[in-house]
Structure formats: structure tokens, C-alpha cells
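# Report on the structure
Below, each chain spelled out in residue letters.
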Amino acid sequence: MKPISPTVRGAIDYLAVVIFAGAPAVIGLSGWSAALSSALAGVHLLMTLLTDFPAGLIKVIPIVLHQWVERIVGPILVILAFVLMTKET
């Protein structure tokens, strides 16, 4: 599998920020879920702006650290979605 370029990676990161920020309105999140989605948008935007790659503005976070954070947070969000869904039903 061919890895994506750092430029495409940056575009995907900013798209993720838009998705996290827009999710409450688009899919009707409220309460804790909406707050978490907004917080994730803010944190992801900050991390992307500070990452040392073409899309970053200040470039203080190494891309390797950025990738590891996403490797950890991504699966946690999937698990959290199932846990919260189970509690609401």
C-alpha cells in the first residue's frame, strides 16, 4: 500500500476538523456527545496547526507524534461510540 503524501495528509486532517465541528448539527448530537465532538475538533485543529508537516503553521509537533496520537485516539473513539450507544439503549 502506498502511503499518502504529507500534503494530502494535512487536507484529511483539516477535513476531520470540519467533520468533528459539524457533526452536532448534521447528525443531531447533543449534550455530552456534542461537547466531545466540539472538543475533538478544537484539539485536532490545534494539533494539526502545530504539526511539522506542510499543513502545519507553527511546526513544533513531530509528524511521528501526531500519527501516534491518532493511532491511539482513533480506536478509543470507536470503542467509546459503542459503549455510549449501549448505555443509551
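Predicted model only: the values in this text are computed from it and were never measured.

### A short note on a nonpolar patch on the surface
On the surface, V64, W68, I72, V73 and I76 cluster together into a nonpolar patch covering about 470 Å² of accessible area. Position of I76 among the secondary structure elements: in helix α3 (residues 63-88).

### With respect to helix α2 (residues 31-50)
Each α-helix winds once per 3.6 residues, and so residues spaced three or four apart point in a common direction. With 20 residues, α2 ought to run about 28 Å at 1.5 Å a step, and its terminal C-alpha atoms sit 29 Å apart, in line with that. Of all the positions in α2, only A34, S37, L40, A41, H44, M47, T48 and L50 are classed as buried.

### Some details on the packing of helix α1 (residues 6-27) against α2
Remark: α1 packs on α2, axes separated minimally by 8 Å, with the N-to-C direction vectors making an angle of 160°. Classified by the angle their axes make, α1 and α2 are roughly antiparallel. Regarding α1 and α2, the two cross each other, and that crossing is left-handed. On α2, the residues touching D13, Y14, A16, V17, F20, A21, A23 and P24 of α1 are A34, S37, S38, L40, A41, H44, L45, T48 and L49. Across the contact of α1 with α2, the residue classes break down as 12 nonpolar, 4 polar and 1 charged.

Rules used in this analysis
Residues numbered from 1 in each chain as written. Predicted model: local features only at pLDDT ≥ 70, side-chain atom pairs only at ≥ 80, totals over all residues. Heavy atoms only, no water. Patch = residues over 30% accessible without salt bridge, like charges linked within 9 Å, V, L, I, M, F, W, Y side chains within 5 Å. Areas by Shrake-Rupley, 256 points an atom, 1.4 Å probe, with all protein chains shown as cover. Salt bridge = Lys/Arg side-chain N within 4 Å of Asp/Glu carboxyl O. Helix = DSSP H or I, 4+ residues; strand = E, 2+ residues; numbered from the N terminus. Expected span 1.5 Å × (residues − 1). Buried < 20%, exposed > 50% of the residue type's maximum accessible area, 1.4 Å probe, protein only. Axes fitted to C-alpha atoms, helices over the stretch in contact; angles between N-to-C directions. Parallel < 35°, antiparallel > 145°, perpendicular 65-115°, else oblique. Left-handed = near helix turned anticlockwise from the far one by under 90°. Contact = heavy atoms within 4.5 Å. Nonpolar A, V, L, I, M, F, W, Y, C, P; charged D, E, K, R; others polar.

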